[in-house]
Amino acid sequence: MGGDGSAIEQRGRYFDELDVGARYLHRPGRTATEADNVLFSSLTMNTQALHLDAAFSEGQPFGQRLMNSMWTLATMVGASVSQITQGTLVAQLGLTDVSFPAPLFHGDTLYTETEVIDKRLSSSRPGQGIVTLRHTGRNQRGDVVATATRVALMWCAPEREDER
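Rules used throughout
Residues numbered from 1 in each chain as written. Predicted model: local features only at pLDDT ≥ 70, side-chain atom pairs only at ≥ 80, totals over all residues. Heavy atoms only, no water. Helix = DSSP H or I, 4+ residues; strand = E, 2+ residues; numbered from the N terminus. Buried < 20%, exposed > 50% of the residue type's maximum accessible area, 1.4 Å probe, protein only. Contact = heavy atoms within 4.5 Å. Areas by Shrake-Rupley, 256 points an atom, 1.4 Å probe, with all protein chains shown as cover. Lys, Arg positive; Asp, Glu negative; His and termini not counted. Charge placed at Lys NZ, Arg CZ, Asp CG, Glu CD. Salt bridge = Lys/Arg side-chain N within 4 Å of Asp/Glu carboxyl O. Core = buried A, V, L, I, M, F, W, Y, C linked by side-chain atoms within 4.5 Å. Polar contact = N/O pair within 3.5 Å; in protein donor to acceptor, adjacent residues only side chain to side chain. Pairing = 2+ DSSP bridges. Axes fitted to C-alpha atoms, helices over the stretch in contact; angles between N-to-C directions.

Enquirer: Explain the overall build of the protein to me, and be specific about the residues and the numbers.
Expert: When its secondary structure is counted, the protein shows five helices and five strands. Along the chain direction, N to C, the helices and strands of the protein fall in the order β-α-α-α-α-α-β-β-β-β. Here the C-alpha coordinates of the protein stretch approximately 65 × 40 × 30 Å along the principal axes. In the protein, buried positions account for 34% of the 164 residues. If you take every contact in the protein between residues at least 6 apart in sequence, the share linking residues at least 24 apart comes to 71%. Of the accessible surface of the protein, which amounts to about 9500 Å², a share of 51% is contributed by carbon and sulfur atoms. Taken as two groups, the 15 positive and 19 negative side-chain charges of the protein have centres that lie 2 Å from each other.

Structure (structure tokens):
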């Protein structure tokens, strides 16, 4: 930076700055804790024993408590915000194709990447575009633990004074 005192505001990408096929690796990862699991499950009124009861879970197929899959989904989407949608999102339009192909456990670290798979200008909302994103969450061993397709309504880049 030139030291001219200009302020730089961290933000996501505008519609115009997102290219189909681009992949964003969101770092740092997020290590899942027992506290995360208990708090999230309790806040969302999810009393599933597979999340909360260690003794019960020991007798189940995975032999231990599973992270709440909704925590995994929310954390995966949340990891993308600062790099893609912070201040540039109008609204989330939908989530589809959500899957959890492998479990996430306490102590695992969730690493997320996002691929832009489609985009188009909105036909009814000038200055906005619709972007389709595919989120993939992996644990520290590279196993895919979650995937989701997200459709977002994004702002187009504002016109700059020098372009008018």
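Enquirer: So what about the pattern of salt bridges? Which residues, and what values?
Expert: Opposite charge on two side chains makes pairing possible when the charged atoms of those side chains draw close. What the rule picks out here adds up to eight salt bridges. Across the pair D36 and R30 runs a salt bridge, and its minimum N-O distance is 2.7 Å. You can call D36 buried: its relative accessible area is 15%. One salt bridge connects R141 with D108, and the closest N-O pair in it is separated by 3.9 Å. One end of the pair, R141, is in the loop between β4 (128-138) and β5 (144-155); the other, D108, is in the loop between β2 (89-99) and β3 (109-121), and 33 residues separate them in sequence. Each of R23, E113 and R138 takes part in a single network of salt bridges with overlapping partners.

Enquirer: Give a description of the nonpolar core that names residues and reports values.
Expert: Formed by A32, M67, W71, L73, M76, V77, L104, L110, V145, A146 and A148, the largest nonpolar core amounts to eleven residues. Contributing elements (two or more residues each) for this core: α4 (69-79) and β5. No other element matches the four residues that α4 contributes to this core. Counting residues in hydrophobic clusters, the runner-up holds ten residues, among them Y24, V116, V131 and M154.

Enquirer: Explain the side chain of D36 to me, using residue names and the numbers behind them.
Expert: On the secondary structure map, D36 appears in helix α1 (residues 34-43). Within the structure, the side chain of D36 is placed 2.7 Å from the side chain of R30, a separation counted as a polar contact. When residues no more than four places from it in sequence are discounted, the contact partners of D36 are R30, T31, M67 and W71.

Enquirer: Pulling in residues and values, what's your account of the sheet that holds β5?
Expert: A sheet is described by the order of its strands in space; here five strands give the open sequence β1-β3-β4-β5-β2, paired in antiparallel fashion. Edge strands, defined here as strands with exactly one partner in the open sheet, are β1 (23-31) and β2. Neighbour-to-neighbour, the strand axes of this sheet turn through a mean angle of 25 degrees, independent of strand direction. Judged from the six bridges that link them, β1 and β3 form a sheet pairing that is antiparallel. Bridging from a neighbouring strand, R23 pairs with E115 of β3. Against the sheet, α4 engages β1, β2, β3, β4 and β5, with an angle of about 50 degrees to β5.

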